[in-house]
Structure formats: C-alpha cells, structure tokens
Amino acid sequence: MISDQQPPCVAVVRRRDTAFSQEQSIPWAAIAGTIATVTVFAVAQGLTYPLLSFILERQATTPGLIGLSAAMTPLGFIVSAPLIPALVRRLGAGWLAILCSLCAALTLTAIAWTQDLWAWMPLRFLLGFFANPLSVISETWLITITPPSRRGRIMGFYSSVVSGGFAIGPLSLGLVGTEGWTPFLIGVVAFLLCGMILLTVVPRLPNMPHDGEATSVGGFVALAPLLLFAVFTAAAFEQTLLSLFTSYGAAFASAEERIASLITCFIAGNALLQVFLGRMAEQIGSMWAVLFCVLVSLAGCLLLPWAFNSWLIWPLVFVWGGVSFGIYTMSLIELGERFTGQALIAGNAAFAVAWGFGGIVGSPTTGLAMQWLGHRGLPLALGFLCCVLVMFILAKIRRARS
C-alpha cells in the first residue's frame, strides 16, 4: 500500500521552495538582505544623477544635452526590462543579479575614466541596462518571500528604505564633493557591495518562481494595464516635481533655499509614509489604497497654488511626497496579490518599463504645459494625469462589483 504522506526530507525541500506564506516561516534574514541590496543600489543611483549633472554643468554643457544625457539611464531600464524574464530562466536570478552588479560597477568606472559627454551617452545607457535587473529581481524575491498578511507593511518599509537610499546618494556629494575619483568610488563600491550582499543572501532565498506559462513583458501589458498606468503616473509625478518644482517656485519669487527645502520635505514624505500606507493596504485592500493615494495626490494639485506662499505648503508637500510615491508602492502590493511565478517576474520587469516611460515623458510634457500656461501648467498637468487614473480605477472597481 502506497502512503499519501511524503518523507520528511521531501517536506523540508518543498518548504524551502514555497513563497514562505506561513507566519512561522518568515525568512527575516533573507528579507533584510534583499532590502539591503536594493538600498545600496539606490545609493549608487541617487548619487549618479546629480554628480554627472554637476560635472556637465562645469563643462558648460547646454541644459538640453544634460537632460538628454540623464535620459539614457531610464532608456537602459526600458530596453533591459523585456529581456529579464528570459535571462532569469537561462542564467538563474542569483547569478544574473551578481553579474549585473559587477557590470554596473565597471560601467561607472568607465564613466569616471572618460569624463566626456558623448562617451557618457552609451555608458549611461549601459548603466541603466545593468542596474535595472538588480531592482527587478530583488523586488520579485521580496514579494515572493513576504507573507500576504504582512506584505503591505514590509513592502512599505522597503519603499521607505529605498527612498532613503536615493536621498543618501546626493547627500554624500556634500561630504566628498563632485570632483575627482572619490564620488565615483562611492558608487562603484556600492554596486560591488550589492554583489557581496547577494552572495550572502542568495543561499537563503527560495528558487525564483518558475510556475505558470512563460510571460513576456509585452504579454503582461494585456494582463494588468491599469497597474502599469499607475506606475507610469507615479514616475511622472516624482520626476516632474523633482525637476520642475524649482521653475514653479521661481514664478512665486520664492528663494532657492526655500524651494530646496520643500523638495527635501517632499522626499521625506516619500520615505516616511510608506509603512503607514502599506498598513492601510492590508486593511482596505491594495486597489482601494491606490485610489486613496491618487485622490490625495489630486487634492495636492488643486491646493498647491493656494498654499504655496503659506505655512500650509510644508505639510502639503510632505503628504504629497508620500501619497504620490505610494501609488507605486500600493501597485507593487497589488502585483504580489494578483500574480505569481513567471507572471510575477514579467510584471516586475513591466513595472520597470512603465517607470522608465513615466520618467522620460512626464517632465518634458509638463515643461511644455508650463510654457503654454505658465506656472499653472505643473499642477494642471499632474492633476489631469491623476484624474485619468481615478476614472480608470473607478471603472475597474465598478466592473468587479457587477
């Protein structure tokens, strides 16, 4: 008679390959290591953008060329993302992430060595191309090993820590300056540290999920267009505020120091409110949490002109930073709730594409709106984007109820 029970050794192996959905199996060390990997990656990315812009500015490069150079990195995100699911199946997630961290370090070294605008164009593209899989693979692992009952808080904490990493990058330039090899070495060491952390963490992680049919990034667009548009909106919102808020404040004759402080306040809200929003997603559902974030972001667009010259601008910008980035965090939680296996990998890669497009399209489009409509173009453009997303979300909720 054949027993239905599996030998103990088989049960242990299967437990390691699951998504650790049981509360008693939460792999806190693996979660901490994965978050640490992406945080170090964020430090390197946050340092690179302002560092290269400062250098190009000293070389009397035109603003248009500086912007074009900066766009090469998100373009690398977009191009690399569709290749990630197939590369994970062929090379394995761990080896791919470690290889990309080494390649990113070498690319940043080449950027430091050349110090030339036209050489930087392809090199910054390669930097985005190699850096993107680190983020996609780490987020996929984190969603996979996080239990559903705590996914909101853990993903919120992840978003907060990563936002802090992006802020540390520019702050480090205030300590070491923007000249010579020293600032570049911080980024190179950060990418190498990513690889070292991965070597330690990968043995503690489950195998990357391969269940389900192979899904491409293009195929995922048909599965979750609303989620991708939400990510696009979050990216456009963040990049537009960081790049054009100075121009908006200048229309009010606001001092540069005040505008810089407001941008810092915006980033602080981004970093500090994600755990609260993640907890909300656990209570009311991630899609309702996305709707909440979009509605509050829209309210911020409406209140901005009225509050800009009063003390109310400080709490407004703080909350604005949290909820606008919260659109991405809540979408990430929804992704983990709806998809598993290869569809989850493709979904994270598609998120990277949507974020790249949002970053590339958002600022230029809003800039044109400001040329046509004056400073009012910024809140109007962002408010219009939020209105469109609200209508799509409400239509989806209505279809789900019918």
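Residues numbered from 1 in each chain as written. Predicted model: local features only at pLDDT ≥ 70, side-chain atom pairs only at ≥ 80, totals over all residues. Heavy atoms only, no water.

(A) The arrangement of the overall build of the protein chain in detail. When its secondary structure is counted, the protein chain shows 16 helices and 0 strands. Of all 402 residues assigned to the protein chain, the portion counted as buried reaches 53%. In the protein chain, the proportion of contacts linking residues at least 24 apart, taken out of those at least 6 apart, comes to 86%. Of the roughly 17900 Å² of accessible surface on the protein chain, 69% is carried by carbon and sulfur atoms. (Helix = DSSP H or I, 4+ residues; strand = E, 2+ residues; numbered from the N terminus. Buried < 20%, exposed > 50% of the residue type's maximum accessible area, 1.4 Å probe, protein only. Contact = heavy atoms within 4.5 Å. Areas by Shrake-Rupley, 256 points an atom, 1.4 Å probe, with all protein chains shown as cover.)

(B) A look at the confidence of the model for the protein chain. Per-residue confidence for the protein chain gives a mean pLDDT of 81, with 89% of residues at or over 70. Taking the mean pLDDT of every element in the protein chain, the minimum, 34, falls on helix α1 (residues 8-17) and the maximum, 92, on helix α13 (residues 286-307). Ignoring residues within four places in sequence, the model shows residues 1-24, a span with pLDDT below 50, making 24 contacts including any to other chains. (pLDDT = per-residue confidence, 0-100.)

(C) Inspection of the environment of Ser-69 at higher detail. Topologically, Ser-69 is positioned in helix α3 (residues 63-80). On the accessibility criterion, Ser-69 (0% relative accessible area) is buried. Excluding anything up to four places from it in sequence, Ser-69 contacts Leu-56, Leu-117, Met-121 and Arg-124.

(D) Spatial organisation of helix α4 (residues 84-91). Those residues of α4 not exposed but buried are Ile-84, Pro-85 and Val-88. Taken down its axis, α4 places every buried residue within 105 degrees of arc, on the same side. (Arc of directions from axis to C-beta.)

(E) View of the nonpolar core. By size, the foremost hydrophobic cluster in this structure holds 123 residues, and its most contacted members are Phe-191, Phe-245, Leu-304 and Ile-393. Sort the elements by how many residues they give to this core and helix α6 (residues 117-145) lands first, with 14 residues. (Core = buried A, V, L, I, M, F, W, Y, C linked by side-chain atoms within 4.5 Å.)

(F) View of the state of the cysteines. Scanning the model with the defined rule gives 0 disulfides in all. Residue Cys-387 stays outside any disulfide, its sulfur separated by 7.2 Å from that of Cys-386, the closest cysteine. With a relative accessible area of 34%, Cys-387 lands in the partly exposed category. (Disulfide = S-S within 2.5 Å.)

(G) Here's a closer look at unusual backbone geometry. A positive phi angle, near 55 degrees, is found at Gln-115, a position not held by glycine. Within the secondary structure, Gln-115 is located in the loop between α5 (93-114) and α6.

(H) How the structure looks around the packing of aromatic side chains. Throughout the structure, instances matching the rule amount to 14 aromatic pairs. Ring geometry for Phe-125 versus Phe-129: centroids 6.2 Å apart, planes at 35 degrees, classification tilted. Here Phe-129 and Phe-125 lie together in helix α6, a separation of 4 residues that amounts to about one turn. Through successive ring pairs, a cluster of aromatic residues spans Phe-325, Tyr-328, Phe-351 and Trp-355. (Phe/Tyr/Trp six-rings, centres within 6.5 Å; stacked < 30°, edge-to-face > 60°.)

(I) Structural view of the side chain of Thr-39. Position of Thr-39 relative to the elements: it lies in helix α2 (residues 28-58). You can call Thr-39 buried: its relative accessible area is 14%.

(J) Layout of a nonpolar patch on the surface. Side chains of Leu-83, Leu-87, Leu-91 and Leu-99 sit close together on the surface and give an oily, nonpolar patch of about 310 Å² of accessible area. Judged by relative accessible area, which is 31%, Leu-87 ranks as partly exposed. (Patch = residues over 30% accessible without salt bridge, like charges linked within 9 Å, V, L, I, M, F, W, Y side chains within 5 Å. Salt bridge = Lys/Arg side-chain N within 4 Å of Asp/Glu carboxyl O.)

(K) Here's a closer look at the pattern of salt bridges. Summed over the entire model, instances satisfying the criterion amount to 3 salt bridges. Between Glu-282 and Arg-153 there is a salt bridge; the shortest N-O distance is 2.9 Å. Of this pair, Glu-282 sits in helix α12 (residues 274-284) while Arg-153 sits in helix α7 (residues 151-176), and the two are 129 residues apart along the sequence. A residue is classified by how much of its surface remains accessible, and Arg-153, at 32% relative accessible area, is partly exposed. Connected through salt bridges with shared partners, the residues Arg-153, Arg-279 and Glu-282 form a single ionic network.

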